[in-house]
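Geometric and topological summary
Here are the chains, one letter per residue:
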Amino acid sequence: MAEKNASAVDGAIRVSGMQFSYDVQDPIFFDFNLDLPAGSRCLLVGANGSGKTTLLKILAGKHMVGGKNVVQVLDRSAFHDTELVCSGDLSYLGGSWSKTAGSAGDIPLQGDFSAEHMIFGVEGIDPFRREKLIDLLDINLQWRMHKVSDGQRRRVQICMGLLHPFKVLLLDEVTVDLDVVARMDLLEFFKEECEQRGATIVYATHIFDGLETWASHLAYINGGELKLSAKLDEIKDLKTSPNLLSVVEAWLRSETKVEKKTKKKPVVTSPFMSSRQMAYYR
Ligand SMILES: Nc1ncnc2c1ncn2[C@@H]1O[C@H](COP(=O)(O)OP(=O)(O)OP(=O)(O)O)[C@@H](O)[C@H]1O
């Protein structure tokens, strides 16, 4: 019997009927569904605050959602099956290496480590893959992590996140500090990983340069609602527009207009607000 072609058949990511809220009264996701096949490179787009980071963190198993079948990555529960992350099958690259220190906000990590110390400190790594990544990201192993630039620190962070041959990779705007050469080389590396190993990538970004030919799928969310999830070559708007940037720009502009039109007065629930009931006590 012919071997099953993982990249063509299997679902790598399945979200069904997900609900999630930071604040009980105001859920971000309500009955949210998403399906992505193995081998896909999906762009996750949406306005600021639409829920991209939250979704990626949920997929990465960082936020608990109820029910083991609701958020499945590689047919396992993203939150409950910790082996997914420990094995390196599921990798999340987001935020930056910093810590939040009270009123000082986010400050870069202060430890004096070399890039070599960090990268070679990870055990069980294929030396060829490690060399390839160091070369690709043009990392100087002598860099001291507390003295490098944001982009240099980011390169080491990305390298660390890619050392294990992931099956599912979640990227949250990590290429933003990279120069154009590093960004294009990295995107090419990601494409190879998907085509050669059937890996799946979800990439949330606001920078669309060069992504028309890179992505295979696109998911667009607005206020936590999935507005569109499709193969890139099946999206009608892309056939009539010069590029992805203008399509996404048009979507976001129209949603801003609709929001302005439909904006209702906020419901104030303060206990100090006067109400009809209170009138009885006056
Ligand atoms: N830790 C948190 N506690 C409470 N609310 C949060 C928290 N993190 C995010 N939110 C809210 O959830 C919503 C979605 O935020 P999220 O960071 O997922 O958006 P995003 O699409 O990634 O935005 P951006 O493009 O600006 O990165 C926002 O309204 C935000 O205020």
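Looking up the protein chain in UniProt gives the name ABC transporter I family member 21, with the organism given as Arabidopsis thaliana. Quoted verbatim from the Subcellular location field of UniProt, the annotation for the protein chain is "Cytoplasm". Quoted verbatim from the Sequence similarities field of UniProt, the annotation for the protein chain is "Belongs to the ABC transporter superfamily. ABCI family."

Details of unusual backbone geometry
Of note in the backbone geometry, Asp 138 takes a positive phi value of approximately 50° without being a glycine. The backbone phi angle of Glu 173 is positive, close to 50°, even though this residue is not glycine. Mapped onto the secondary structure, Glu 173 falls in the loop between β9 (168–172) and α7 (180–197).

So, the sheet that holds strand β6 (residues 90–93)
Judged by pairing direction, the sheet is mixed, and its six strands sit side by side in the order β6-β9-β10-β3-β11-β12 without closing on themselves. Every other strand in the sheet has two partners, leaving β6 and β12 (225–231) as the edge strands with one partner each. Taken over all neighbouring pairs, the strand axes of this sheet differ in orientation by 15° on average, direction set aside. Both strand β11 (residues 217–222) and β12 contribute to a ladder of six bridges, which runs antiparallel. Each residue of the ladder has a partner; that of Asn 222, found in β12, is Glu 225. Of the strands in this sheet, β3 (41–45), β6, β9, β10 (200–204) and β11 are in contact with helix α2 (residues 52–59), which crosses β9 at around 155°. Packing of helix α6 (residues 150–162) onto the sheet brings it into contact with β6 and β9, and relative to β6 it is tilted by some 170°.

Re the UniProt feature "binding site: ATP" in the protein chain
The positions UniProt marks with the feature "binding site: ATP" are Gly 46, Ala 47, Asn 48, Gly 49, Ser 50, Gly 51, Lys 52 and Thr 53. Since its relative accessible area comes to 69%, Asn 48 is described here as exposed. Along the chain, the position of Ser 50 falls in the loop between β3 and α2. On the basis of relative accessible area, Ser 50 is assigned to the buried category, the value being 3%.

Procedures and definitions
- Residues numbered from 1 in each chain as written.
- Predicted model: local features only at pLDDT ≥ 70, side-chain atom pairs only at ≥ 80, totals over all residues.
- Heavy atoms only, no water.
- UniProt positions renumbered as here; feature names shortened; annotations may be inferred.
- Helix = DSSP H or I, 4+ residues; strand = E, 2+ residues; numbered from the N terminus.
- Pairing = 2+ DSSP bridges.
- Axes fitted to C-alpha atoms, helices over the stretch in contact; angles between N-to-C directions.
- Contact = heavy atoms within 4.5 Å.
- Buried < 20%, exposed > 50% of the residue type's maximum accessible area, 1.4 Å probe, protein only.

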